[in-house]
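Commentary on secondary and tertiary structure
The residues making up each chain are set out below.
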Amino acid sequence: MTSGYQDELRARFGLDVDPGGEAPDDPWLRQVLMRRTHRRYSDRPVPDALVRLLLAAAFSASSKSDFQQASALWLRDRDRRDRLASLFPDMPWIGAAPVFLVFLGDARRLDRLGVLRGKKRDNGAFEGFFNATVDAALAMQTCILAAETVGLGTCPISVLRNRIAEIAAILELPDKVFPVAGLCLGYPAQPGFISMRLPPEATVHIDCYDDSGLEEAVDGYDRRRDARHSIKDRQREPERFGTAEFYGWSEDKARQAATPEGAGFASWLKAHGFTLDEP
């Protein structure tokens, strides 16, 4: 294997990962392995033409059955942007990033096409919602990779769904159109850091799903991640969960997941055109 990947794979996973053979030496693959989220941006503006090009790249992503059930909203109006950012004061980068996009699941467009072509069909079942969600997520990730290729930094903002009613009002979203995530975009003000990921043995399965080694894999991951970037002094809700002697990624995520997010999102969807039923 090309020696350059060994450094990138160790940076991403915190251990030596051998794909088991020769791999092409490709600069873009190395860039993806080293990608990181950026929340602080320089004052350098992002040209409108570049944003439009990135959006064109975003909508070059794969789409379920070529239905193309994703849209993007480029939030340029300062008043709307400030109103949206004020909902999340702990995330100042939402208002400060040079560009803010919102990627939308758009099940409305297929409904409208059915009416226009005399084949009316309700696209509000679970399948319509799921397909639109995946299309929007694919478009956003393609936008992220395209932006990073030209030196920009990005930060996805999924928390929008936690304030769905206010977000929908600010963005004037019609029925069957919903935010999957926002995306901050700009030239990074600092290098940022690589977020260590779970090892392949925890996430890659061959022929059948097998998580029998999960506990061991996660324990090792917790220790490696703690050695690189400890969060022991930032324990989540100690008054509720106590203080752990060792506080790793898995403990932090278990605590975070114990308080579910997105309250009201499903009911909002059902009030705005989705039944979420079987088709």
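Residues numbered from 1 in each chain as written. Predicted model: local features only at pLDDT ≥ 70, side-chain atom pairs only at ≥ 80, totals over all residues. Heavy atoms only, no water.

**Section: helix α10 (residues 214-228)**
Under the 1.5 Å per step criterion, the end-to-end length of α10 is 21 Å for 15 residues, consistent within 8% with the ideal 21 Å. Taken together, the buried positions of α10 are occupied by Ala217, Val218, Tyr221 and Asp222. One face of α10 carries all of its buried residues, which in axial projection span an arc of 135°. Away from its buried face, by an angle of more than 90 degrees, α10 presents the exposed residues Glu215, Glu216 and Ala227. Where the residues of α10 are buried, they touch α9 (200-203) and α12 (249-257). (Helix = DSSP H or I, 4+ residues; strand = E, 2+ residues; numbered from the N terminus. Expected span 1.5 Å × (residues − 1). Buried < 20%, exposed > 50% of the residue type's maximum accessible area, 1.4 Å probe, protein only. Arc of directions from axis to C-beta. Contact = heavy atoms within 4.5 Å.)

**Considering the packing of helix α4 (residues 78-86) against helix α8 (residues 164-171)**
Packed helix pairs are characterised by how far apart their axes lie and by the angle those axes make with each other. Between α4 and α8, whose axes approach to 10 Å, the crossing angle comes to 175°. The orientation of α4 with respect to α8, classified from their angle, is roughly antiparallel. For the pair α4 and α8, the contacting residues are Arg80, Arg83 and Leu84 in the first and Ile167, Ile170 and Leu171 in the second. Grouping the amino acids of the contact of α4 with α8 by side-chain chemistry returns four nonpolar, no polar and two charged. (Axes fitted to C-alpha atoms, helices over the stretch in contact; angles between N-to-C directions. Parallel < 35°, antiparallel > 145°, perpendicular 65-115°, else oblique. Nonpolar A, V, L, I, M, F, W, Y, C, P; charged D, E, K, R; others polar.)

**Points about unusual backbone geometry**
Backbone geometry places Asp207, a non-glycine residue, at a positive phi of 75°. Of the residues examined, Asp207 reaches a relative accessible area of 82% and is grouped as exposed. Despite not being glycine, Leu276 has its phi angle at roughly 60°, a positive value. Summarising the element assignment, Leu276 is placed in the segment after α13 (265-271).

**What to know about the pairing of strand β4 (residues 177-186)**
Burial analysis of β4 places ten of its ten residues in the buried class, the great majority of the element. Where strand β2 (residues 99-106) lies against β4, eight bridges are found, and the strand directions are antiparallel. Along β4, the bridge assignment pairs Leu101 with Leu183. Strand direction decides the pairing type here: strand β3 (residues 153-157) and β4, joined by five bridges, are antiparallel. What sits directly across from Pro156, in β4, is Leu183. (Pairing = 2+ DSSP bridges.)

So yeah, pure geometry; function would need other evidence.
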